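Here is how the chains run, residue by residue.
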Amino acid sequence: MTRSLRARLFVAQLIVLVAALVLVVVLTAREERAWLVRHRTELLERSVRLSLRDFAAPSVSAAGWPAAAQALGERFGYRVTLIDSSGRVVGDSEVPAERLSLLENHAGRPEVRAALQQDVGRDVRRSATLGVELLYVAMPVRRVAGLAVVRMAEPLSEVARLTASLVRLLAAVGFMVFAVIAVVIAWLTRRHTKRIGALSAVARRLGEGDPRARARELPADDVGRLGQAINGMASELRRRLSALERDRDEREQILAHMNDGVALVDGAGHVLRANRALATILGLPLPPEVGTSFQQFARSPELDELLRVARRSAQTVELDLRLWTPQQRFLRATATRLSGGERDAVLLVVHDLSEVERLNRVRQDFVANVSHELKTPLTSVRGYAETLLEGGLDDLEHREDFVRVIRDQATRLQVLVEDLLSLAELERPDARLRLERFDLREAVERQLGGFRDRAERARLGLELEDGPPVVVSADRLRIEQVLANLLDNALKYTERGRVRVRVGGDPVHAWCEVEDTGSGIPPADLPRIFERFYRVDKARSREKGGTGLGLAIVKHILDLHEGEVRVRSALGEGSVFRIEIPRDASAT
């Protein structure tokens, strides 16, 4: 394309150059010829005036006009024609006397007509008599009988020769000028087309997405200003592309981090866009590629039907469904037909309500468990209170037992309410830890002191293994609550043997183990023992006065400390509960 442009520019400029040179040669030749004609005319006029002196003497008669014309022609070297007042030729240096009568009347000749009117006549034309181009000059003759005009003529062959010589010289000079200017034009054309080619290459690189492509702006001619305009366009284009890329990236980030699954499906059922959350909800490892069939990807007849209904509806269509992925999910899908853009495109949004449904079940179970836990002591309190009111107060043998039962059940209600309040406080989003530095081993010893009487009454051993102090930065009251719950459970479910506590740590973590020799926990129950109100042996737990919330409280407290609790247990051999917390909870 660049060579074609250069060729066109070169040829066009050469044509203009040739036309200009030809015009110069033609105008110069014409001006030179006009100058030569004027010069020869002046010479002829001088010769005619000199000849008029010869006719001032009356010695020449009418019979001698041919001879006189012949003599003047030889004298001046021009053709001399003598004409009377009627326009008849009476003498001609180029025509014999006997043929003069054959010449046509010259009164109509321009130069003769001017001379007859007492003026100098001039004309250039081809002679009908001689057949060559002649320059004519005619002047009037006064006071000579039978003669009115003397005319002299000169062939313009010399003028033509000089003009031809000048034309040849101008042509030679023009050719040399043409050659030099052609070389200059070729150089300039190549230079300009090379710059234009460079601009074309820059524009092509910009079109291919090269942000570093820039055009030369110097020299500051039209091509340089074009390069400057291209650079300005490139900067503006880059700015707009950057803005579009930022918008695209922001949309992609928003789409990628949405918890809801989103897919744009065209009229043919192919996926145009989809995020990772959709694949996660549908139990698939990766989102679909563009152009993938949504039916093959989702494999859900309910979602396919939802898309078909949405394409025929102007309103958003909703559907609740259960999806059997590797785990059961409860979903709410909404489909909206989009106006404009892809033909019959539908935006599908899938909300995963599985966690909401699980929390609803947990809430329902919690309410049911709380109601169940409250029902038994309330029933007992009410029953024994009614018994006392209906005459039990007079039963001196049993009324003290009735009051004791009412007290025990009220105590159980109080413990249950306190545990519920403690659990509620731990589950608050703004729950905070009151951190302080203390010795974990000393805290364990304090808790053991509160349980020794109970252990002695149950004839159980309660001991703490020796070891160095273990200093931690944690919420002391909550950690002591954890220790109390673990010791309470260990003593509650150990009928004989002992409960042993060990405390230790490393530079990062501190730990405490509570080991008992109780009946142990069945393997099937181990994953659920930290759930609220979960009991391995429900009848025995209620008999022991447990609320079913102790281990749930333990787990929540350790979660707040970024710690953990683990358990090892074997039926008939006992259990080991191990807690671990960071040495410095403020760094978590």
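Our subject is the structure that appears above.
Residues numbered from 1 in each chain as written. Predicted model: local features only at pLDDT ≥ 70, side-chain atom pairs only at ≥ 80, totals over all residues. Heavy atoms only, no water.

> Would you explain the environment of Ala 335 in this entry?
Looking at the element boundaries, Ala 335 is found in strand β9 (residues 328-337). For Ala 335, a relative accessible area of 0% corresponds to the buried category. For Ala 335, the contacting residues outside a window of four places in its chain are Leu 306, Leu 307, Ala 310, Gln 315, Thr 316, Val 317, Val 346, Leu 347 and Leu 348. (Helix = DSSP H or I, 4+ residues; strand = E, 2+ residues; numbered from the N terminus. Buried < 20%, exposed > 50% of the residue type's maximum accessible area, 1.4 Å probe, protein only. Contact = heavy atoms within 4.5 Å.)

> Got a minute to help me understand the sheet that holds strand β8 (residues 317-324) in this structure?
Backbone hydrogen bonds are what pair the strands of a sheet, in a parallel or an antiparallel way. Pairing within the open sheet is antiparallel, and its five strands lie in the order β7-β6-β10-β9-β8. In the strand order of this sheet, the two ends are held by β7 (271-274) and β8, each with one partner. In this sheet, adjacent strand axes meet at a mean angle of 25 degrees when their direction is disregarded. For strand β6 (residues 261-265) and β7, the ladder comprises three bridges, and the chain directions are antiparallel. Pairing of Ala 263 across the sheet is with Ala 274, part of β7. (Pairing = 2+ DSSP bridges. Axes fitted to C-alpha atoms, helices over the stretch in contact; angles between N-to-C directions.)

> Can you walk me through the sheet that holds strand β2 (residues 89-92) in this structure?
Read from one edge of the open sheet, five strands run β2-β1-β5-β4-β3, paired in antiparallel fashion. Looking at which strands have only one partner, the edges of the open sheet turn out to be β2 and β3 (121-126). The mean inter-strand angle of the sheet, taken between neighbouring strand axes irrespective of direction, is 20 degrees. When strand β4 (residues 133-140) meets strand β5 (residues 149-155), the two strands line up antiparallel, connected through seven bridges. By the bridge assignment for β5, Ala 138 is matched with Arg 151.

> Any chance you could explain the pairing of strand β1 (residues 79-83) here in plain terms?
Along any regular strand the residues' side chains alternate between the sheet's two faces. Judged by how many residues are buried, β1 sits mostly within the fold: five of five residues are covered. Side chains Arg 79, Thr 81 and Ile 83 of β1 all project onto a buried face; the interleaved residues Val 80 and Leu 82 project onto the opposite face, where all are buried too. In this structure, β1 lies alongside β2, joined through three bridges in antiparallel fashion. In the strand pairing of β2, Thr 81 is matched with Asp 92. Linking β1 back to β2 in an antiparallel pair, the connection comprises five residues, with Gly 87 at a positive phi of about 95 degrees.

> Can you walk me through helix α4 (residues 157-207) in this structure?
For an α-helix, 3.6 residues make a turn, and residues three or four places apart therefore share a direction. Under the 1.5 Å per step criterion, the end-to-end length of α4 is 69 Å for 51 residues, consistent within 8% with the ideal 75 Å. By the burial criterion, the buried members of α4 are Val 159, Thr 163, Leu 166, Gly 174, Ala 182, Ile 185, Thr 189, Thr 193, Arg 195, Leu 199, Val 202 and Leu 206. Directly beyond the C-terminal end of α4, a positive phi value near 95 degrees is found at Gly 209. (Expected span 1.5 Å × (residues − 1).)

> Can you walk me through the pattern of salt bridges in this structure?
Note that side chains of opposite charge can pair when their charged atoms are close. Enumeration according to the criterion identifies 35 salt bridges in this entry. Of the charged contacts in the structure, one is a salt bridge between Glu 111 and Arg 151, with a shortest N-O distance of 2.8 Å. Here Glu 111 is found in helix α3 (residues 110-116), whereas its partner Arg 151 is found in strand β5, with 40 residues between them in sequence. Each member of the pair, Glu 111 as well as Arg 151, carries the same accessibility label: buried. For Arg 476, the salt bridge identified is with Glu 442, shortest N-O distance 2.5 Å. Pair noted here: Arg 476 is in helix α12 (residues 476-492) and Glu 442 is in helix α11 (residues 440-457), with a separation of 34 residues, a long-range link. Given the relative accessible area of 28%, Glu 442 is considered partly exposed. One salt-bridge network, in which partners are shared between bridges, spans Glu 463, Glu 465, Arg 500, Arg 502, Glu 513, Glu 515, Glu 564, Arg 566, Arg 568, Arg 578 and Glu 580. (Salt bridge = Lys/Arg side-chain N within 4 Å of Asp/Glu carboxyl O.)

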